[in-house]
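Per-entry structural report
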Amino acid sequence: MFAYDKLNKEQMKNEWGNPMNILSKTTILATVLALGACSSADRFGNSDAVDLNNSGVAGGALAGSPQDPTSAAYFQQTVGDRVLFAVDQSTLTPQGMATLDGQAQWLSTNIEYSAVIEGHADEQGTREYNLALGARRANAVLEYLTAKGVAPNRMKVISYGKERPLEICSEESCYAKNRRAVTVISVVPTS
Amino acid sequence: MMKYVLTLLSAILLGFAAPVAAQERDGPLRIEITEGVIEPLPYAVPVFVADNAAAAQHAQNITQVIAADLSGTGLFREIPASAHIGRITNFASPIQFPDWKAINAQALIVGGVSADGAGRLTVRFRLYDVFAGQEIGQGLQLQGTVDGWRRMAHKVADQVYSRLTGEDAYFDSRVVFVAESGPKDNRQKQLAIMDYDGANLNYLTDARSIVLAPRFSPGDDQVLYTSYESGFPKIYVLDVASAGRRVLETQQGTMSFAPRFAPDGRTVVFSLTTGGNTDLYTMDIGSSRTSRLTSAPSIETAPSFSPDGSRIVFESDRSGLPQLYVMPASGGEAQRISFGQGRYGTPVWSPRGDLIAFTKQSKGRFHIGVMRTDGSEERLLTASFLDEGPTWAPNGRVIMFTRESQGAQGQARLYSVDITGRNLRQVPLDIGASDPSWSGLQK
């Protein structure tokens, strides 16, 4: 009288059982954030570069402070750790090149540092395309720094696509700051 | 246009006791959905009869889910119980068709539920063509554990949908996606899985690493996705039942992402970035043997296999802006298929093989659209500040996608829309969500 669905008892158990039971018993493996650049407190950057040269502090800078010219904070704030890009572009601007000249010079003096170059995109694009676009931008920086004498084995590139915006408004003023490549330096070896 | 074989008007004219109604018909009660339905087909689904007290609540719940499935398609309209004249108190009793004709129910779903003491449910149902006074198809009985009650309800609704539309159904299916929380500049992401209707939400990873764009395997037992778990974007394959996962290693210093299974379930096509350049590769998931499909200085990403495995559609900016291309699955010359104004991305081949869904960006707006596989008959289905990442329902009739709202408080949500562009709906989930991948129909 009824056409029976052909599921047998065992299939019922396996397929119709509550998947949560299986899941909750599963050990969720601990994930390890192994990114070398993690030692920087400001990985994605949330401060605009501030010129501290005119802050009136003279000499005797604390090691690691923004006044210490060998510190990561100095690199970030005074040398400038980032360059910006036009929409869809991975070509360096003259201003970007000037910043990278400073980075190259600093890295040639402070040879204990390695760099991870993070490429980013704004939210106007699809996720996976923007990942590739961010990689292109980071690579443009890597190539420029290499041409300026920084050893390629001191640098790595990574793209975050549109996953890590710095500014969160949906306007060009924010997008312009999000289309960036940030040079994150650290004394931890990157490989 | 709706195409009732028997129009509403003639049904009314023929009156209640008109045995000729069945002969006036050209065929069975059928709703054609190919051209988009404007007027949904009215149906009644009186609460399923509970055979015992233990089944009462399940009978209520199951009936509600069946109605939600059917009405959620936009193809069917439930006539509320408050309007019913007839009452179904015994699943086996003959149907009093005049009671259901009187309220203009074209289709009637009658069911019964019983619960044994051991946590098992039995659900029975029959579907009737009210105006023909006939049963449509055979009665069906389903059995399962109590916690599988939703699946049983979906299976009943799938049967009704298929019998009335002549199409394959999609309610008994799941979606793997990225659950999102936190502000836009510090968004936490984790893989999650749910029923197609947002129920039975479960997390498959924790929120410690960025995860992107999961895709089901052809058997829906595995999921490919991209994770920053190691610090760099890499491809992982996760077993859905155990949530165990492993990385698919590529050459050191490369970034790999955008993985999708081939229909064979063994081959993975993905993007690999080296020296800032992104190309498409395939990898055998067993042997890890990799081969390169494209070799261009442009970006090649977002690949998707045709259902027969012979071709791959993908996104490339080789012409300047991102456009869609189709190439043989083994690589080789690619043919551009998108030619409209704007940028095209995230192409996904329909499970029926007839259409490609995509994201289009034009004049500051995002759209989800479909085109034929040669690029003709492009049709935009949605428009908003940011729509992206379409995925197909198992029957190729509905698309789910991500819609992100504008501004600092912007949130990602999942939506679905018919390939006709009708019936736009938000998937009921109270968390942020993106990058959906729809499973096939569950076995």
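Anything mentioned here points back to the structure above.
Below is a short write-up of the structure. Worth saying up front: this structure is predicted, and the values here are computed from it rather than measured. (Residues numbered from 1 in each chain as written. Chains lettered and ligands numbered in written order. Predicted model: local features only at pLDDT ≥ 70, side-chain atom pairs only at ≥ 80, totals over all residues. Heavy atoms only, no water.)

1. Thoughts on the overall build of chain B
Per the secondary structure count, chain B includes 5 helices and 31 strands. Computed over its C-alpha atoms, the radius of gyration of chain B comes to 24 Å, within 12% of the 22 Å expected for a compact globule of 443 residues. Along the first, second and third principal axes, the C-alpha atoms of chain B reach 75 × 50 × 45 Å. For chain B, long-range pairs separated by at least 24 residues make up 46% of all intrachain contacts whose partners lie at least 6 apart in sequence. For chain B, the accessible surface area stands at approximately 16600 Å², while carbon and sulfur atoms represent 49% of it. Positive and negative side-chain charges of chain B, numbering 42 and 45 respectively, have mean locations separated by a distance of 1 Å. (Helix = DSSP H or I, 4+ residues; strand = E, 2+ residues; numbered from the N terminus. Rg over C-alpha atoms; globule rule 2.2 N^0.38 Å. Contact = heavy atoms within 4.5 Å. Areas by Shrake-Rupley, 256 points an atom, 1.4 Å probe, with all protein chains shown as cover. Lys, Arg positive; Asp, Glu negative; His and termini not counted. Charge placed at Lys NZ, Arg CZ, Asp CG, Glu CD.)

2. Thoughts on the sheet that holds strand β23 (residues 343-349) of chain B
All names here are of chain B. Within the open sheet, the 4 strands sit side by side as β23-β24-β25-β26. Their pairing is antiparallel. With partners counted over all chains shown, the strands left at the sheet margins are β23 and β26 (379-380), one partner each. Where strand β24 (residues 355-362) meets strand β25 (residues 365-372), 8 bridges bridge the pair, whose relative direction is antiparallel. Across the sheet, Q361 pairs through a bridge with F366, a residue of β25. (Pairing = 2+ DSSP bridges.)

3. Notes on empty space enclosed by the protein
It is a probe the size of a water molecule, rolled over the atoms, that shows where empty space is left. Summed over all chains, the structure comprises 4 cavities of 30 Å³ or more. Volume-wise, the largest cavity comes out at about 150 Å³. Residues of the lining of the largest cavity, tallied by class, amount to 2 nonpolar, no polar and 9 charged. One number sums up the size of the second largest cavity: a volume of about 120 Å³. In terms of lining residues, the second largest cavity is bounded by A:R127, A:E128, B:A213, B:R215, B:R260, B:T346, B:E388, B:G389, B:P390, B:D435 and B:P436. Looking at the lining of the second largest cavity, the elements with two or more residues in it are α5 (127-147) of chain A together with β11 (211-216), β27 (387-392) and β31 (432-438) of chain B. The biggest single contributor to the lining of the second largest cavity is β27(B), with 3 residues. (1 Å grid on protein atoms, 1.4 Å probe; cavity = no way out; pocket = protein on both sides within 12 Å on 5 of 7 lines; lining within 4 Å. Points joined across faces, edges and corners; volume = space filled by probe spheres on them. Nonpolar A, V, L, I, M, F, W, Y, C, P; charged D, E, K, R; others polar.)

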